[in-house]
Amino acid sequence: MTPRDTAATGVGASLPRLDAREKVTGRAQYIADMVRPDMLHAAIHASPLAHARIRGYDTRAAEAVPGVACVLTGGDFPDGRMGAFIKDEPAIAQGKVRYPGEPVAVVAAEDEETARRAAALIRVEYEDLPVAATPEDAMAPDAPLIHEGLADYFKVFPAICGGNVASETELSEGDVDGAWAECDVIVEGEFETPAQAHLSIEPVGALAEVDAEGRVTLWSANQSVFRVQANVCEALQLPMSKLRCLTPKVGAGFGNKMEPHVQPLVVQLALKTGRPVRLILNRTEDFETVRARHPFKIRCRTGAKKDGTLVARELSAVLDCGAYGDDSPGVLGYSLLMSRGPYRIPHCRASGKLVYTNRMRFGAFRGFGNPQVTFATESQIDEIADRLGMDPLDLRLKNRMEPGDRWFGGGEVASNGLVECIEKAKAASGWEQGRALPAPPGKRRALGVAACAHISGLLATGAIVRLLEDGSVVLNTGAVDIGQGSDTVLTQMCASALRVPADRVAIASPDTDGSPYNWGTTASRVTYTTGRSVVAAADKVAEQIKRHASEIFECAVEDLELRDGGRVGIKGVPDKELSFFEVSGRAHWAAGGPIVGTDTWVYNRPSVDPKRAVAKGLPFPQIGVYSFGCMIAAVEIDETTGKADVAEVWSAMDVGKAINPGSVEGQIEGGFVQGMGFALTEEMVFDGPRLVNPSMMDYKAPTSLDAPFGIHSIIVEAAEPGGPFGAKGIGEIGLVPVPAAIANAVATAAGTRLRRLPLTPERVLDTMLEDGDED
Amino acid sequence: MEFVRPDSIEAAVAALQAEGAACLAGGATLVAMMNADLVAPERLVSLRDVAALREASRRPDGTVVIGAMRRHRETAEETDLRDGQRVLREAAAQIANPPVRNMGTIGGSCAFADPAADYPPALVAADARFALAGAEGRRTVPAGDFFRDWYETALEPGELIESVILPPAPAGTVGSYTKLARVAGDFAIASVALALGMDGGACTHLAVAVGACGPVPARRRDIEAELLGGPLGNAEIGRLTDALAEAFDPVDDVRASAGYRRRVAPRMVRQAIGEAMQKLGETQ
Amino acid sequence: MTGEPVTLPVTLRVNGAERPVAAVAPWTTLLTVLRDELGLTGAKRGCNQGVCGACTVMIDGEPVRSCLSLALNCTGRDIVTVEGLAPAGALAPVQQALAEGNAVQCGFCTPGILISAHALLRRNAPLSVDEVRAGLSGNLCRCSGYKKIVEAIVRASEARP
Ligand SMILES: Cc1cc2nc3c(=O)[nH]c(=O)nc-3n(C[C@H](O)[C@H](O)[C@H](O)COP(=O)(O)OP(=O)(O)OC[C@H]3O[C@@H](n4cnc5c(N)ncnc54)[C@H](O)[C@@H]3O)c2cc1C
Ligand code: FES
Ligand code: FES
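What comes next is a walk through the structure. These numbers were taken from a predicted model, which means no experiment stands behind them.

## So, the overall build of chain A
Here's step 1: Counting its secondary structure elements, chain A contains 19 helices and 32 strands.
Here's step 2: Seen through its C-alpha atoms, chain A measures out along the principal axes to roughly 85 × 75 × 55 Å.
Here's step 3: By residue count, 66% of the 775 residues in chain A fall in the buried class.
Here's step 4: Once local pairs closer than 6 in sequence are excluded, the contacts in chain A between residues at least 24 apart make up 79%.
Here's step 5: Of the roughly 24400 Å² of accessible surface on chain A, a fraction of 49% belongs to carbon and sulfur atoms.
Here's step 6: Each charge class in chain A was averaged separately, 79 positive and 103 negative side chains, and the resulting centres sit 3 Å apart.

## Structural notes on helix H1 (residues 30-37) of chain C
Residues and elements named next belong to chain C.
Here's step 1: Along H1, the residues classified as buried are Leu30, Leu31, Val33, Leu34 and Arg35.
Here's step 2: Its buried side turned inward, H1 meets strand S1 (8-14), strand S2 (17-24), strand S3 (56-59) and strand S5 (78-80).
Here's step 3: Once H1 finishes, Gly39 follows within two positions and takes phi at roughly 65 degrees, a positive value.

## Concerning the sheet that holds S2(C)
Residues and elements named next belong to chain C.
Here's step 1: Pairing in this open sheet of five strands is mixed, and the strands run S2-S1-S5-S3-S4 from one edge to the other. Edge positions in the sheet fall to S2 and strand S4 (62-65), since each has one partner strand and no second. Between one strand axis and the next, the sheet turns through 40 degrees on average, direction left out of account.
Here's step 2: Of the strands in this sheet, S3, S4 and S5 are in contact with helix H3 (residues 110-122), which crosses S3 at around 40 degrees.

## Describing helix H18 (residues 738-750) of chain A
Every α-helix carries 3.6 residues per turn, so stepping three or four residues along brings you back to the same face.
All names here are of chain A.
Here's step 1: The end-to-end C-alpha distance of H18, which contains 13 residues, comes to 18 Å, matching closely the 18 Å that a straight helix rising 1.5 Å per residue would cover.
Here's step 2: Counting buried positions along H18 gives 12 out of 13 residues, so the element sits mostly inside the fold.
Here's step 3: Trailing H18 by a residue or two, Gly751 shows a phi angle of about 90 degrees, which is positive.

## Section: unusual backbone geometry
Here's step 1: With omega at -10 degrees, the peptide bond leading from A:Leu757 into A:Pro758 counts as cis.
Here's step 2: Residue placement: A:Pro758 occurs in the loop between H18 and helix H19 (761-771).
Here's step 3: Of note, A:Phe368 is a non-glycine position whose phi angle comes to about 55 degrees, a positive value.
Here's step 4: With respect to the helices and strands, A:Phe368 occurs in the loop between strand S17 (362-363) and helix H11 (370-388).
Here's step 5: In this structure, B:Ala212 takes a positive phi of about 70 degrees despite not being glycine.
Here's step 6: Within the fold, B:Ala212 resides in the loop between strand S13 (202-211) and helix H9 (221-227).

## Section: the packing of aromatic side chains
Here's step 1: One pass over the structure, following the stated rule, counts 18 aromatic pairs over all chains.
Here's step 2: When the ring of A:Trp407 is compared with that of A:Tyr626, the centres are 4.5 Å apart and the planes differ by 25 degrees; the resulting orientation is stacked. Here A:Trp407, found in the loop between helix H12 (392-399) and helix H13 (418-429), pairs with A:Tyr626, found in strand S28 (residues 624-638); they are 219 residues apart in sequence, far enough to count as distant.
Here's step 3: We classify A:Trp407 as buried; its relative accessible area is 1%.
Here's step 4: A:Tyr626 gets classed as buried once you look at its relative accessible area, which sits at 2%.
Here's step 5: In this arrangement the basic side chain of A:Arg301 is found over the ring face of A:Trp180, its NZ or CZ atom lying 4.3 Å from the centre.
Here's step 6: The ring of A:Phe709 is capped by C:Lys147, whose NZ or CZ atom sits 5.9 Å from the centre of that ring.

## Structural notes on the site of ligand 1
Here's step 1: In the vicinity of ligand 1, 35 residues are found, and the nearest of them are B:Cys23, B:Gly27, B:Leu30, B:Thr105 and B:Asp118.
Here's step 2: Ligand 1 sits at a junction of chains, with neighbouring residues supplied by chains A, B and C.
Here's step 3: One nitrogen or oxygen atom from the side chain of B:Lys179 is found 2.9 Å from an oxygen atom belonging to ligand 1.
Here's step 4: Between ligand 1 and B:Asp186, the relevant distance is 3.2 Å, taken from an oxygen atom to a main-chain nitrogen or oxygen of the residue.
Here's step 5: Computed on the free molecule, ligand 1 has an accessible area of 960 Å², of which 94% lies beneath the protein chains in the complex.
Here's step 6: Counting only elements with at least two residues in the shell around ligand 1, the list comes to strand S2 (21-24), helix H6 (106-112) and strand S10 (160-166) of chain B.
Here's step 7: For the shell around ligand 1, the element with the highest residue contribution is H6(B), accounting for four residues.

## Some remarks on the nonpolar core
Here's step 1: Of all hydrophobic cores here, the largest spans 216 residues; its most connected members are A:Met684, A:Ile742, A:Val746, B:Leu196, B:Ile273 and C:Ile153.
Here's step 2: Discounting chain neighbours no more than four positions away, the residues touching A:Ile742 are A:Ala633, A:Val635, A:Val646, A:Met676, A:Ala679, A:Leu680 and A:Leu759.

## Here's the deal with the interface of chain B and chain A
Here's step 1: Taken together, the 17 residues of chain B in the interface contact 22 residues of chain A.
Here's step 2: Both faces considered, chain B and chain A share a buried interface measuring about 1600 Å² in area, 59% of it formed by carbon and sulfur atoms.
Here's step 3: Among the residues chain B hides against chain A, the three largest losses belong to B:Arg182, B:Val183 and B:Arg267. Together they make up 38% of the total.
Here's step 4: In this assembly, chain B and chain A are joined by two salt bridges.
Here's step 5: For A:Asp766, the salt bridge identified is with B:Arg263, shortest N-O distance 2.9 Å.
Here's step 6: At the junction of chain B and chain A, the tally comes to nine residue pairs in polar contact (both at pLDDT 80 or more).

## Let's talk about the sheet that holds strand S5 (residues 64-67) of chain B
Residue and element names in this part refer to chain B.
Here's step 1: Within the open sheet, the five strands sit side by side as S4-S5-S10-S6-S7. Their pairing is antiparallel. Lying at the two open borders of the sheet, with one neighbouring strand each, are strand S4 (56-58) and strand S7 (137-142). Taking the axes of each pair of neighbouring strands and ignoring which way they run, one obtains an average angle of 20 degrees across the sheet.
Here's step 2: Contacts from helix H1 (residues 9-16) reach strand S6 (129-134), S7 and S10 within the one sheet, and its direction differs from that of S10 by about 130 degrees.

## Things to note about the interface of chain A and chain C
Here's step 1: At the junction of the two partners, chain A supplies 56 residues and chain C supplies 43 residues.
Here's step 2: Counting each side, the surface lost to burial between chain A and chain C is near 4100 Å², with a carbon and sulfur contribution of 58%.
Here's step 3: The largest contributions to the chain A side of the interface with chain C come from A:Val24, A:Ile201 and A:Phe709, which together make up 20% of the buried area.
Here's step 4: At the junction of chain A with chain C, the criterion picks out five salt bridges.
Here's step 5: The shortest N-O distance in the salt bridge between C:Arg142 and A:Glu682 comes to 2.7 Å.
Here's step 6: If you look at where chain A meets chain C, you find 26 residue pairs in polar contact (both at pLDDT 80 or more).
Here's step 7: For the side of chain A that touches chain C, the secondary structure elements donating two or more residues are helix H2 (20-24) and helix H17 (661-680) of chain A.
Here's step 8: Classifying every residue of the side of chain A that touches chain C by side-chain character gives 28 nonpolar, 17 polar and 11 charged.

## Section: the packing of helix H10 (residues 234-247) of chain B against helix H11 (residues 258-279) of chain B
Residue and element names in this part refer to chain B.
Here's step 1: At their nearest, the axes of H10 and H11 sit 10 Å apart, and the two run at 140 degrees to each other. Judged on the interaxial angle alone, H11 and H10 are oblique. Every pair of crossing elements has a handedness; the one defined by H10 and H11 is right-handed. For the pair formed by H10 and H11, the contact residues are Asn234, Ile237, Gly238, Leu240, Thr241, Leu244 and Ala245 on the first element and Arg262, Pro266, Val269, Arg270 and Ile273 on the second.
Here's step 2: Tallied by class, the residues present in the contact of H10 with H11 amount to seven nonpolar, three polar and two charged.

## Description of the environment of A:Ala425
Residue and element names in this part refer to chain A.
Here's step 1: Looking at the element boundaries, Ala425 is found in helix H13.
Here's step 2: Since its relative accessible area comes to 0%, Ala425 is described here as buried.
Here's step 3: In contact with Ala425, not counting residues within four places along its chain, are Cys630, Ile632, Trp650, Ala652 and Ile714.

Rules and cut-offs
- Residues numbered from 1 in each chain as written.
- Chains lettered and ligands numbered in written order.
- Predicted model: local features only at pLDDT ≥ 70, side-chain atom pairs only at ≥ 80, totals over all residues.
- Heavy atoms only, no water.
- Helix = DSSP H or I, 4+ residues; strand = E, 2+ residues; numbered from the N terminus.
- Buried < 20%, exposed > 50% of the residue type's maximum accessible area, 1.4 Å probe, protein only.
- Contact = heavy atoms within 4.5 Å.
- Areas by Shrake-Rupley, 256 points an atom, 1.4 Å probe, with all protein chains shown as cover.
- Lys, Arg positive; Asp, Glu negative; His and termini not counted.
- Charge placed at Lys NZ, Arg CZ, Asp CG, Glu CD.
- Pairing = 2+ DSSP bridges.
- Axes fitted to C-alpha atoms, helices over the stretch in contact; angles between N-to-C directions.
- Expected span 1.5 Å × (residues − 1).
- Phe/Tyr/Trp six-rings, centres within 6.5 Å; stacked < 30°, edge-to-face > 60°.
- Lys NZ or Arg CZ within 6 Å of the ring centre and 35° of its normal.
- Near = heavy atom within 4 Å.
- Polar contact = N/O pair within 3.5 Å; in protein donor to acceptor, adjacent residues only side chain to side chain.
- Core = buried A, V, L, I, M, F, W, Y, C linked by side-chain atoms within 4.5 Å.
- Buried area = accessible area lost by both parts, 1.4 Å probe.
- Salt bridge = Lys/Arg side-chain N within 4 Å of Asp/Glu carboxyl O.
- Nonpolar A, V, L, I, M, F, W, Y, C, P; charged D, E, K, R; others polar.
- Parallel < 35°, antiparallel > 145°, perpendicular 65-115°, else oblique.
- Left-handed = near helix turned anticlockwise from the far one by under 90°.

As structure tokens, this is what we get:
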């Protein structure tokens, strides 16, 4: 399974996942598989109400259940607050509840059934407050205030907030208001996207254990042990030195396991009981209390000249924040930064409001607001092409960013594979033959396209590479592999940098005690940011190896080279070489000390150049490097029912360098199907503040029969200067263009355009019937 | 809660007489509801070991008897179901997914009577009867009378479904089941169960039942009877779909709106009849 | 659940071995017994409602939902979980195929997928893409987009002697 030479296992090889064997034998341990001696099981008591003041708790019946060890309510928690951007969220409801499903009390008992039974017996006295279920309700003049203390909350950026508006952001370049006069064609529309559930097949959970000194060890389903540590410590007002965070295998993230879920609850229970406590949410709780993709309402206007030159765009978005800020200000800011797309549009203004409501919190989800905005903007590119009678791909090519062009806001773009993505997707899909495709009777078929960009980057990361005594290597980064394969990819990079086979590199499991800081597995960042640290740390190890060799061989360091298989030798002298074993032995026992290479950095290229753009309330001053993509989807519509299916798709994505092509394809394929669900079938339906379909029976993600088998991944490699081996991220971009590409195909096939997701049979049929070209 | 596993119909019926007793068939619905804390029967009567309930047979006249414990997968592969009876095979094959089809039974599905389930319209279109066994003895009920309202059937407390009886379908008829669902294996937004016979342009057999568009399958035997003997053109099909629409009583739910069900179901009926006629080599 | 729990001892045949369990309540599912009593945590709980497929195990040679199977109703049956697909230390061909085909991402769906795939592969003929897609339609995977899983199983079916 693991070939032995570097070339077969290093950068560029589709090396099987390092943990594949563990996973196919059922031996991989996820949070719900973990058991500690004398462990208690916990359950939450969730708020049935959307907005209410808590008048009192009656926990006597719960405490009387045999086997119950502990019942905690608001008063049993320190009143710290957590939040990635706005510190507005307590570990458990304090004084009032803000959404249905919010944890109000938590129980630990000898077994899960007892804990759940006891939790159901807790009585809470509430005083109803008026409810603001939607951003419109929450912005009404007489709306109830969801966070009375908003002004006083600590914020990590200069937030523009007030009332129920958690954050307002605006970004502009050029003279938008004056530019419309130059346009020959202007398209305008309102777009709407629903809440999408992450639906990691693993529900969230956590397990905490306290040692005799009162120090806590916490395992949880997570995307960053360091964010878990920070959040829990903020909420529970613990010094970070008192909490160690570890990770079992994670049953996928997609954003829902980045910020906290039940971790603060189990830590507090463990501190109170002195025993290990595990809490695993059931599927309904996971739906109702974790987080989901923000519903967006977008107004967008785009103008062009007759020849297709794009001139101006104005986009404004209203995001339902839900009850707590979580990652939402970042999602708003990022979505606006992406709203110009990969084009030259000289005059652009994007603005948005993030509004607290009494719904579950919304947060990070693969794409981070970009799929929603891209749905609107790429729909409009097609509308303009149609109005001008131009080929939509030609219009995109005509307006694409050129080398040297800056991103919206002024950020530098170093590598750009967009043209190659477009050309390759176009050729592979047979686009030249026309967008309307032949279809069997009763069906219509068409191609639709969308182009897009996304970033990889953000914040701090590090790596430690250590040469073991026998010359093999251990790599420690602190980046959580949530299933996307970063352990494998980082190992391959380390192996290639040191020219050893991948099976000579061990990768340490993230540990806040021992790993260098890693902000998290999010923002398509691990390959790019952590990979950079891995290469830099490995290079430091290589330098030290060479230094040892130069001392032994009495030659200059510059005359030395690493050789495949873990050896160092004098260039041009094949038999003058030492093995890493010999070098490391010397370092450990005789001279110099053990060989360790360390690197840390924080992403610091500015996103906004104040000479070009005006930015207000933007949470991310430094976002990342850019990836590009183009997707063409062949969609079939059933004329009887309006049901749309994707028959085939070509997804050309610029990853800089595919460290592991098999993994890259896996991200493209998985991202496509998740995006297809968002486009066609997935919708969290709310009745006022309440989620109506918090079950897999009622919320429908694609099965193997719904997903097309013909997902054609086309890997484009426009090397990113400074990227490890030229690589940039691929985790999210494959999802970003999906709704737009499908909607554009549906528009061609149906004859009219839908601006609201998902494109259900109902909406498609109705638009076809209204269009009147049938019956 | 108590668990019993009788091995005969008589013993099962006896066990069911206790207050709060419920049959356990495949468990695909019952155990899911228990897991969600929605029900907690005081006595579970597992029908697993009642061999008689697991059988299916074809009588010489073409009548097919399917035991209540026959699983969806078995019914989907039931070669004894022929001609128009095949509507039931097609319905069974479209329920859920392979593991659920390996568990769920026709008795359990019909007793639960989810209005969006696939068997009810298929059985109504097949003119099936339910054989029921209770403390008072045995009786049969036509499928059209068995399904009474949202999740409500003709089953009396302490009674169980023993089998489903499909009358012979006239030779040369075709049976088909068409289902519209959000994703593969989901419950229906709307479904059409059809048995059709044509002879030289004249309709010899017609049964259409629409599922998921009201508490019980919609069927208009009166109009079907009027259409027998004549051609099935656009006008005739229109008469039938108009009449069926009067029988719809759909609701809005997470799968679709009531309005959409009203719009789409007649289109699906038309489509299903068109396809069946093609199979019969007839032109519309 | 209401009333005093009435528990019964049962013995289940799991992966070829008779496994006694001291006390099982009527409502306890096979999944719970496998995971909590027998320490077989390969089968996962993704929904507890029969939808996701992560808990799929084989009973008498057929894939079923262990979260919807009451443990007391499984006596006398032959139960196979992912842990029983190959002797310890070895991989069944389908396990090998998934591992090598980059068809395992987070792996949470994998045990259930393997059981469904194993059942498909017992039909001794090369499988088509569409047969595999249909056979896996009761196993949700949120990571892979299914393509590599389907490819791996088709490949495994072709590789058989
Ligand atoms: C993921 C999933 C998807 C599904 N999708 C579909 C679908 O697309 N279409 C569809 O039609 N169904 C679907 N179902 C339901 C499935 O068909 C169930 O199998 C069926 O509804 C119940 O059958 P069962 O044998 O499992 O009954 P059980 O769950 O054992 O019992 C159901 C009810 O019937 C009673 N009962 C059982 N047997 C008898 C009997 N012989 N006499 C009297 N009462 C009895 C029980 O007491 C209980 O109240 C789905 C189920 C799941 C879990
Ligand atoms: S846990 Fe059994 S199907 Fe999801
Ligand atoms: S690999 Fe993550 S759900 Fe399938």
